[in-house]
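# Observations on the three-dimensional arrangement
Residue strings, one per chain:
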Amino acid sequence: MRGGGATANAREIAARTLTACARQGAWSDGHLKKAIRAGGLDRRDAALATRLCFGVLQNALYLDHCLQAFSSRDVHTLDAGVLSALRVGAYQLLFLDKIPPSAAVNEAVATVKRTTRSPGAAGFVNGVLRAMVRSPERVPQPPQGLDSASLSLAYSHPRWLTEAFLARLGPEGTRGLLACHNQQPPTTAQVNTLRTDTEGVCRALAEEGVEAQPHPWLPGCVTFTGSGDLEGLESFRRGLFYVQDAAARLAVLAADPWPGMRVLDACAAPGGKSFAAALAMGGQGSIVSCDIHPHKIDLIRAGAGRLGLACISAQVLDGKECKEEYLDGFDLVMADVPCSGLGIIRKKPDIRYKDPGPLAGLPGVQRAILDNVSRYVKPGGALLYATCTLLERENEGVVEAFLADHPGFVPEPFPLPLAGLGEGGMATLWPHLHGTDGFFMAKLRKRHD
């Protein structure tokens with residue numbers, strides 16, 4: 001059991017965010033950023049709050065299993081605020097090396113007193129966590145088996161999701177993926193090559209106290225850790241880079257936009273693929289970036305303005321509804337469709353706990369978008385279908401059904417800087433194999449009449 005002296009405020013913010021996730025369905029990353037800002041945490045305490053919040057979400061099923069060994073009550077019947085404080089305390093005891101057990105326990109009790117009104121909650125939290133400190137031999141060890149139940153508990157992924165990955169990857173591959181999901185990935189950014197180069201971005205970031213390195217295999221891309229609030233950096237405000245995972249950049253490489261093209265990005269917000277396409281085109285040509293949500297159009301416009309990408313125009317568009325003037329109007333259409341998001345669990349760990357029921361309807365939505373926007377592709381033009389999920393029914397299943405109904409489109413192989421990917425016109429990127437977000441892409445070419 002393990003040690004550091006960060007403030008109670010960081011622990012309380014982590015616990016409050018976890019409670020908001022449980023009670024209101026809030027997403028941890030967005031809620032946490034706002035709470036850190038409102039709390040005025042410095043970089044060190046902000047890092048602790050983030051580590052505690054994400055660490056609990058990455059290990060929630062296992063933490064509850066351990067807490068249950070010391071609790072006289074079913075932990076799943078506890079008030080959400082009480083359970084959040086318990087999980088934050090237990091995570092410090094079991095996973096962190098620099099926080100004294102007494103601090104973890106005392107601050108969990110203080111958090112409960114400040115955030116809940118449950119009678120006897122403070123005494124209950126104190127008793128459970130102190131029992132854990134006194135009897136570490138009673139803490140259940142993570143199971144080592146490769147069956148779905150063992151993997152689910154050891155890596156805190158719901159059984160249905162574990163079983164879906166087992167069906168695709170087998171036991172060892174699934175263990176590798178789930179373990180990878182519980183690690184913190186570095187931040188990846190794309191260089192605005194119309195304003196600088198990779199070395200220039202690294203130099204500018206270094207001057208602001210952020211250590212960045214060129215991406216190991218993707219040109220025009222950098223990675224960095226411990227950056228804090230990126231939007232506060234002068235290099236960010238000057239438009240020298242934008243945050244985008246390598247997987248999304250690879251999808252644009254597969255699409256292969258070139259100068260002078262007319263491009264439609266049908267589900268564009270917050271705009272990363274539009275920006276990557278604009279850079280690949282050298283700012284020459286036109287890109288129409290669309291989203292169904294009006295407030296997201298402002299994000300695209302702001303990003304394009306900051307980066308100086310005048311070839312991008314943004315407008316509201318429902319990808320499922322036909323816009324007559326767009327028919328046969330684009331050399332390239334990109335459709336990064338709404339999906340279950342299960343490829344970005346490393347960055348948004350609470351996505352794994354989504355209710356699987358509503359996800360069953362996503363392939364229908366995805367197919368409706370793909371059917372519609374395919375009509376905007378000129379004869380001889382290209383259509384890129386992409387998701388940030390790893391479920392076959394949302395990826396290959398949608399594309400294969402589309403091709404069966406649209407003989408005018410054919411898969412087109414595309415080269416990627418990762419051996420063996422893209423040769424059949426489709427590619428899946430896996431976090432544990434490729435070091436990227438989980439991502440799927442398919443490139444389809446429209447036949448000439």
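This text goes with the structure placed above it.
A short tour of the structure in this document, coming up.

Scoring rules and cut-offs
Each chain carries its own residue numbering, running from 1 in the written order of its sequence. A pLDDT threshold of at least 70 governs which residues receive local features in this predicted model, and a stricter bar of 80 or more applies before side-chain atom pairs are shown or counted, although totals over entire chains, interfaces and linings include all residues. Each side-chain value is worked out from all heavy atoms of the structure, with water and hydrogens disregarded. Residues grouped as a nonpolar core are buried Ala, Val, Leu, Ile, Met, Phe, Trp, Tyr and Cys residues, joined through side-chain atoms within 4.5 Å. Buried, partly exposed and exposed residues are distinguished by accessible area as a fraction of the type maximum, computed with a 1.4 Å probe on protein chains only: under 20%, between the cut-offs, and over 50%, respectively. Residues count as neighbours in contact if any of their non-hydrogen atoms are within 4.5 Å of one another. Here the aromatic set is Phe, Tyr and Trp, taking the six-membered ring for Trp, and pairing holds for ring centres within 6.5 Å; pairs whose planes are under 30 degrees apart are stacked, those over 60 apart are edge-to-face, and all others are tilted. In our convention, an over-ring charge means Lys NZ or Arg CZ found within 6 Å of a ring centre and within 35 degrees of that ring's normal. Where helices are involved, their axes are fitted lines through C-alpha atoms of the stretch in contact, as for all axes, and angles between N-to-C directions lie from 0 to 180°. Each helix corresponds to a stretch of at least 4 residues labelled H or I by DSSP, and each strand to a stretch of at least 2 residues labelled E; elements are numbered beginning at the N terminus. For classification purposes, angles smaller than 35 degrees are called roughly parallel, those larger than 145 roughly antiparallel, those between 65 and 115 roughly perpendicular, and all remaining angles oblique. Each crossing is labelled by how the near helix is turned from the far one, with a counterclockwise turn of less than a right angle marking it left-handed and a clockwise turn marking it right-handed. In this classification, Asp, Glu, Lys and Arg are treated as charged, Ala, Val, Leu, Ile, Met, Phe, Trp, Tyr, Cys and Pro as nonpolar, and every other residue, Gly included, as polar. Cavity: a set of points on a 1 Å grid over the protein atoms alone where a 1.4 Å probe fits but cannot get out. Pocket: an open set with protein on both sides within 12 Å along at least five of seven lines, its lining residues, like those of a cavity, having an atom within 4 Å of a point. Grid points are joined across faces, edges and corners, and a volume is the space filled by probe spheres set on the points.

Formed by 57 residues in total, the largest nonpolar core has its most connected members in Ile312 and Met441. The residues touching Ile312, leaving out its near neighbours within four places in the chain, are Ser274, Phe275, Ala278, Ile287, Ser289, Ile300 and Ala304. Membership of the second largest hydrophobic core comes to 49 residues, among which are Leu94, Val105, Ala108 and Ala131.

What characterises a pair of aromatic rings is the spacing of the ring centres plus the angle enclosed by the ring planes. The tally for this structure, following the rule as stated, stands at 9 aromatic pairs. For the pair Phe236 and Phe241, a centre-to-centre distance of 5.7 Å together with 65° between the ring planes defines the contact as edge-to-face. For the pair Phe236 and Phe241, one class covers both residues: buried. Taken together, the ring pairs connect Tyr62, Tyr91 and Phe95 into an aromatic cluster. The aromatic ring of Phe124 is capped on one face by Arg73, whose charged end is 5.1 Å from the ring centroid. A cation over a ring is seen here: Arg262 above Phe330, with NZ or CZ 4.2 Å from the ring centre.

To continue, consider the packing of helix H2 (residues 28-39) against helix H3 (residues 43-58). Two quantities define a packed helix pair, namely the angle between the axes and the distance from one axis to the other. Viewed as axis vectors pointing N to C, H2 and H3 meet at an angle of 155°, and their least axial separation amounts to 11 Å. Between H2 and H3, the interaxial angle falls into the category roughly antiparallel. Two packed elements cross with a definite hand, and for H2 against H3 that hand is right-handed. Together, Ser28, Asp29, Leu32 and Ile36 of H2 and Ala46, Ala49, Thr50, Cys53, Phe54 and Leu57 of H3 make up the contact between the two elements. Its residues assigned to classes, the contact of H2 with H3 comprises 7 nonpolar, 2 polar and 1 charged.

So, on to the layout of surface pockets. In this structure, the second largest pocket spans a volume of roughly 450 Å³. Lining the second largest pocket are 19 residues, and of these Leu18, Cys21, Ala22, Arg87 and Tyr353 lie nearest its centre. For the lining of the second largest pocket, the secondary-structure elements that each account for two or more residues are helix H1 (8-24), H3, helix H4 (60-68) and helix H5 (80-95). Ranked by residues supplied to the lining of the second largest pocket, first place goes to H5 with 4 residues. Grouping the amino acids of the lining of the second largest pocket by side-chain chemistry returns 13 nonpolar, 3 polar and 3 charged.

Moving on, we come to the packing of H5 against helix H6 (residues 101-115). Where H5 contacts H6, the two axes come as close as 9 Å, and the packing angle between them is 170°. What the angle tells us is that H5 and H6 run roughly antiparallel. Contact residues: H5 offers Ala85, Gly89, Gln92 and Leu93, while H6 offers Pro101, Ala104, Ala108, Thr111 and Val112. When grouped by side-chain class, the residues that make up the contact of H5 with H6 number 6 nonpolar, 3 polar and no charged.

On their own, these measurements won't tell you what the molecule is for.
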